[in-house]
Amino acid sequence: PMPSKDEMPALAALAAAAHRAGRGAGISSVYLSSRASAVSKALESLDMAAFPGGDFQPGAVDAVAALSPITPEVGARSHASNARTPHAPGAPNAPPVEWTEETRRVRVWRDAISALAGRVLPAELELATEVFGMCNEEAAEGAFAQVANHALAAPLRFARAAAARGPGGGSVGVHTARSPGGSSPVVPERSFLFLDMVLTLDEAKAALETASGRVSHGDSVVRGREAARREPIRGTVAELAACRAELAHASASSVRSLISAVKTDASSSVPAKGNVHPLAAYSMNFLRRLVAYPPAVLAAAVGADAASPADLDALLADVCQGVADALAVTLERKAVAGYPKNHALRALFLMNNAQYISRHAKKSRYLGRLLGERWLKERKAEVHAQADEYRLRSFEKLMELLTRDAGSEGQPSGIKQVNAIVDDILKTQRYWTIADANLRDRVRRSIARAIL
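Remember, predicted model here, so these are calculated numbers, not experimental data. Just so you know, the residues in each chain are numbered from 1, in the order the chain's sequence is written. Given that this is a predicted model, residues contribute local features only at a pLDDT of at least 70 and side-chain atom pairs are listed and counted only at 80 or more, while totals for whole chains, interfaces and linings are drawn from all residues. For side-chain calculations, the full set of non-hydrogen atoms in the structure is used, while hydrogens and water are omitted.

## Structural notes on the overall build of the protein chain
Runs of H or I in DSSP of at least four residues are treated as helices and runs of E of at least two as strands, each being numbered from the N terminus. Each helix and strand counted, the protein chain has 16 helices and zero strands in total. Categorising residues by exposure relies on relative accessible area from a 1.4 Å probe, with only protein chains included: less than 20% of the type maximum marks a residue as buried, more than 50% marks it as exposed, and the intermediate range marks it as partly exposed. Counting every position in the protein chain, which comprises 452 residues, the buried fraction comes to 47%. For the protein chain, contacts bridging at least 24 residues in sequence account for 77% of all contacts bridging at least 6. Accessibility throughout is a Shrake-Rupley quantity obtained with a 1.4 Å probe, and a residue counts as covered only by protein chains that appear here. For the protein chain, the computed accessible surface area is about 22,000 Å², with 55% contributed by carbon and sulfur atoms. In this description, contact between two residues means that some pair of their heavy atoms is separated by no more than 4.5 Å.

Listed below in structure tokens is the structure:
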């Protein structure tokens, strides 16, 4: 609720008279009380109860829920609304689950900040300038600052409390609300909540600066008036910047946590069919989602707000290559532990994962550039090497039989021996998977060439 245009002159005269009479503090107190109530009513349509008292209270679930993995064939998608996040590793057959209360509250927070910066506070700035314009610049600045501080107090406390939590501590994809020891799970994808909040604060700052006439046009008199109107928002912009710095620090910590979380992932399960491991899908979706942010937000993600474009690329490449290297080591360890005696399935698993990682890196041009041409060539070479290993391990007996017959002058082996070997391969590999259709065709052709 705003005063009408007809009421403005009377309010401005009343404020000026109060200041002349030495009652400036009293009229400012009345003004704050009135406008604080109006701001609260303006935000009633938003679920401000999502952060009572400004505290970060995730409710029943302590961490962002781990979502079911994206598999190459199924391509399952999250039911989450507009939260930027990949699927976290979980049980292969687990159905997708909704984001937790934590994410809903961040979404509400973003709506609240956007409403405040885009509509509510610009209107309050205009009102304070009109009402106290006949007094002095400090009066208008102080009146607006009090209203702005009141409006932003709870949302900024919420944001600071969220940043203070950081990514948690534990293993990737842990589903428990809180471990008996009291440490919460590592949730690297929580960095996307922080980055979304950073992006929202950047947009809020830009909206306030636009509303205050930051972009100057015309003569020096107009520019001077616009500069005078900018003064009241200095404190508010500084408060937003301070909160943004805390969120940026938390997001950088969360992004970096992915490297150690992938490297130390304790899950011993591997896909029975040799398919793409959920950790590979999780990691690549994470990186692709990360590099989709605007440069200013990406700078916050790597803790380098003042970085040049070249420096930013170098820092992001360090993160992406760190995750990719950790993923390669972890997948190799899982392959050895998960398929201790089945070398053919081990090779199939590593081939599928190398192909998936390479393909998804190329889907994002920026991510592919960050990882580098050499890295992409190494992944391609790994795919070919594992495909050769799979062919040799799978058809070793058949190749030995055919090679022996080719060099023998005696009676060649009977069709029964050949069929027995082929039937054994069919029985063992009936449900094995090569996820990528083009790769599957290439492997088939290479096997046919070798045997024929």
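Once you've had a look at it, read on.
## Description of the packing of helix H13 (residues 373-394) against helix H16 (residues 437-451)
The contact between H13 and H16 brings their axes to 10 Å, and the two run at 50°. The pairing of H13 with H16 is recorded here as oblique in orientation. Considering how the two elements wind past one another, H13 and H16 form a crossing that is right-handed. The residues of H16 that touch H13, namely those facing Val383, Ala387, Tyr390 and Arg391, are Leu439, Val443, Ser446, Ile447 and Ala450. Axis definition: a line fitted to C-alpha atoms, over the contacting stretch in the case of helices. Angles run 0 to 180 degrees between N-to-C directions. Note on angle classes: values under 35 degrees are labelled roughly parallel, values over 145 roughly antiparallel, values of 65 to 115 roughly perpendicular, and the remainder oblique. Put simply, a crossing is left-handed when the front helix is turned counterclockwise from the back one by less than a right angle, and right-handed when it is turned clockwise.

## Some details on the packing of aromatic side chains
When the centres of two rings from Phe, Tyr and Trp lie within 6.5 Å, Trp using its six-membered ring, the rings pair. Their planes under 30 degrees apart give stacked, over 60 give edge-to-face, and anything left gives tilted. The tally for this structure, following the rule as stated, stands at five aromatic pairs. Aromatic pair phenylalanine 192 and tyrosine 293: ring centres 6.2 Å apart, planes at 10°, arrangement stacked. Placement of the pair is phenylalanine 192 in helix H5 (residues 190-211) and tyrosine 293 in the loop between helix H8 (278-290) and helix H9 (295-301), with a sequence separation of 101 residues. Each member of the pair, phenylalanine 192 as well as tyrosine 293, carries the same accessibility label: buried. Here a set of aromatic residues connected by ring pairs shows up, and it is made of Phe192, Tyr282, Phe286 and Tyr293.

## Section: the nonpolar core
We call a set of buried Ala, Val, Leu, Ile, Met, Phe, Trp, Tyr and Cys residues a nonpolar core when their side-chain atoms join them within 4.5 Å. Ranked by size, the top nonpolar core spans 68 residues in total, and within it Leu290, Met351, Tyr390 and Val443 carry the most contacts. Discounting chain neighbours no more than four positions away, the residues touching valine 443 are Met351, Ala387, Tyr390 and Ile434. Counting 48 residues, the second-largest nonpolar core is a separate cluster that includes Ala18, Ala128, Leu156 and Val237.

## What about the environment of proline 309?
Within the secondary structure, proline 309 sits in helix H10 (residues 309-338). The exposure class assigned to proline 309 is exposed, which follows from its relative accessible area of 68%. As a C-alpha pair, proline 309 and alanine 299 span 10 residues in sequence and 9.2 Å in three-dimensional space.

## What about helix H11 (residues 343-363)?
Here the expected span of a helix is defined as 1.5 Å times the quantity of residues minus one. Between its first and last C-alpha, H11 extends 30 Å over 21 residues, near the 30 Å set by a 1.5 Å rise per residue. The element H11 is largely enclosed, with a buried count of 17 among its 21 residues.

## Some points on the pattern of salt bridges
Salt-bridge detection follows one rule: a side-chain nitrogen of Lys or Arg within 4 Å of a carboxyl oxygen of Asp or Glu. For the structure shown, the criterion picks out 15 salt bridges. Where arginine 369 meets aspartate 313, a salt bridge forms, and the shortest distance between an N and an O atom there is 3.1 Å. One end of the pair, arginine 369, is in helix H12 (residues 365-371); the other, aspartate 313, is in helix H10, and 56 residues separate them in sequence. In this structure, a network of salt bridges that share partners links the residues Arg160, Glu239 and Glu246.

## A few points about H13
Look at H13: 32 Å from first C-alpha to last across 22 residues, which is about the 32 Å you get at 1.5 Å a residue. Listed in full, the buried residues belonging to H13 are Trp375, Leu376, Arg379, Val383, Gln386, Ala387, Tyr390, Arg391 and Ser394. Seen from one end, H13 has its buried residues packed into an arc of 155°, which puts them on one side. Turned more than 90 degrees away from the buried face of H13 sit Glu373, Arg374, Lys377 and Leu392, all of them exposed. Directions drawn from the helix axis to the C-beta atoms are what define this arc.

## What to know about a positive patch on the surface
Residues Lys362, Lys380, Arg442, Arg445 and Arg449 make up a contiguous surface patch of positive charge. With three residues, H16 is the single largest residue contributor to the positive patch. Among the secondary structure elements, arginine 442 is positioned in helix H16. The exposure class assigned to arginine 442 is partly exposed, which follows from its relative accessible area of 34%. Patches here are clusters of residues that have more than 30% relative accessible area and form no salt bridge, with a 9 Å joining cutoff for like charges and a 5 Å cutoff for nonpolar side chains (Val, Leu, Ile, Met, Phe, Trp, Tyr). Counted as positive: Lys and Arg. Counted as negative: Asp and Glu, with His and the chain ends omitted from the count. Where a charge lies is defined by one atom per residue type: Lys uses NZ, Arg uses CZ, Asp uses CG and Glu uses CD.

## Remarks on the confidence of the model for the protein chain
Per-residue confidence from the predictor is given as pLDDT, running between 0 and 100. On average, residues of the protein chain carry a pLDDT of 76, and 75% of them reach 70 or more. Here residues 169-185 scores under 50 on pLDDT; set against residues more than four positions off or in separate chains, the count is 36 contacts. Contacts of residues 214-230 to residues separated by more than four positions or lying in other chains number 19 contacts, the stretch itself having pLDDT below 50.

## Quick word on the environment of serine 394
Positionally, serine 394 belongs in helix H13. Once the C-alpha coordinates of serine 394 and alanine 344 are considered, the two residues, 50 residues apart in sequence, prove to be 5.6 Å apart. Residues within four places of serine 394 in sequence aside, it is in contact with Ala344, Ile425 and Gln429. In terms of polar contacts, serine 394 uses its side chain to reach the side chain of glutamine 429, at 2.9 Å. Under this definition, polar contacts are N or O atom pairs within 3.5 Å; protein pairs additionally need one hydrogen-donor-capable and one acceptor-capable atom, and for neighbouring residues in sequence, both atoms have to be side-chain atoms.

## Description of the environment of isoleucine 27
Along the chain, the position of isoleucine 27 falls in helix H2 (residues 24-42). Given a relative accessible area of 18%, isoleucine 27 falls into the buried group. Considering only alpha carbons, one finds isoleucine 27 and alanine 143, 116 residues apart in sequence, at a separation of 9.6 Å. The contacts of isoleucine 27, once residues within four sequence positions are left out, are Leu14, Ala15, Ala18, His19 and Phe132.

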